[in-house]
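# A structural walkthrough
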Amino acid sequence: MVLGGLRQQIVALFEQDQLEEAKFFLEQYIKLAPHAVERYSLEAMIYSGSGDLEQAEKTLIDGISVHPLSFDLLYNLGYVYEAQENFLESYNMY
């Protein structure tokens, strides 16, 4: 239940464009579940929201190396590639 509450808090702060606060709660999430699929998605979401698409890409690739069949991570990486206008890689991820 703790992780779910943290996840909700991170998403709510992200949606309110309070990225620094969201990062604080993400750090707590990572301490509790360093290799959870959602951890990688949340981290990439924050990086994307702050315009750091390269770091979002790296985070998602790291997550896929741990969870190679995660639909969410593959889809999110496709989104990042699309935002980078790397359409062939985006298509491959989708």
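Residues numbered from 1 in each chain as written. Predicted model: local features only at pLDDT ≥ 70, side-chain atom pairs only at ≥ 80, totals over all residues. Heavy atoms only, no water.

## Structural notes on the environment of Glu-38
Condition: What counts as a helix is a DSSP run of H or I of at least four residues, what counts as a strand is a run of E of at least two, and both are numbered from the N terminus. Contacts are residue-level and defined by heavy atoms, with any inter-residue pair within 4.5 Å sufficient. Residues adjacent in sequence count toward polar contacts only when both atoms are side-chain atoms; beyond that, a polar contact is any pair of N or O atoms within 3.5 Å, and within protein one must be able to donate a hydrogen and the other to accept it.
With respect to the helices and strands, Glu-38 occurs in helix H3 (residues 37–49). For Glu-38 and Gly-63, which are 25 residues apart along the polypeptide, the C-alpha to C-alpha distance reads 9.2 Å. Residue contacts for Glu-38: discarding those within four places in its chain leaves Arg-7 and Tyr-29. At 3.0 Å, the side chain of Glu-38 and the side chain of Tyr-29 are in polar contact.

## Here we look at unusual backbone geometry
Backbone geometry at Asp-17 places phi at a positive 60°, although glycine is not the residue there. Structurally, Asp-17 can be placed in the loop between helix H1 (2–15) and helix H2 (19–32). Its identity is not glycine, yet Glu-85 carries a phi of approximately 60°, on the positive side. As for its placement among the helices and strands, Glu-85 is situated in the loop between helix H5 (71–83) and helix H6 (87–93).

## Considerations on H1
Condition: Here the expected span of a helix is defined as 1.5 Å times the quantity of residues minus one. Classification of residues uses two cut-offs on accessible area relative to the type maximum, computed with a 1.4 Å probe and protein chains only: under 20% is buried, over 50% is exposed, and between them is partly exposed. Here, the arc refers to the directions that run from the helix axis to the C-beta atoms.
In this model H1 runs 20 Å from its N-terminal to its C-terminal C-alpha over 14 residues, within 8% of the 20 Å that 1.5 Å per residue would give. Residues of H1 that are buried: Leu-6, Ile-10 and Leu-13. The arc enclosing the buried residues of H1, seen along the axis, measures out at 70°, which places them on a common side. Exposed side of H1, more than 90 degrees from the buried face: Gln-8 and Glu-15 are the residues found there. Looking at the buried residues of H1, the elements they touch are H2 and H3. The first or second residue beyond H1 is Asp-17, which carries a positive phi of 60°.

## Looking at the pattern of salt bridges
Opposite charge on two side chains lets them pair, provided their charged atoms get close. Note the cut-off: Whenever Lys or Arg places a side-chain nitrogen within 4 Å of a carboxyl oxygen from Asp or Glu, that contact is recorded as a salt bridge.
Tallied over the full model, the rule gives four salt bridges. A salt bridge links Arg-7 to Glu-38; the nearest nitrogen and oxygen atoms lie 3.5 Å apart. With Arg-7 in helix H1 and Glu-38 in helix H3, the pair connects residues that are 31 residues apart, well separated along the chain. According to the relative accessible area criterion, Arg-7 is partly exposed, its value standing at 30%. Overall, Glu-38 belongs to the partly exposed group, its relative accessible area being 38%. With a shortest N-O distance of 3.2 Å, Asp-62 and Lys-58 are connected by a salt bridge. Of this pair, Asp-62 and Lys-58 both sit in helix H4 (residues 53–66), four residues apart, which is roughly one turn of that helix.

By themselves, these figures tell us nothing about what the structure is for.
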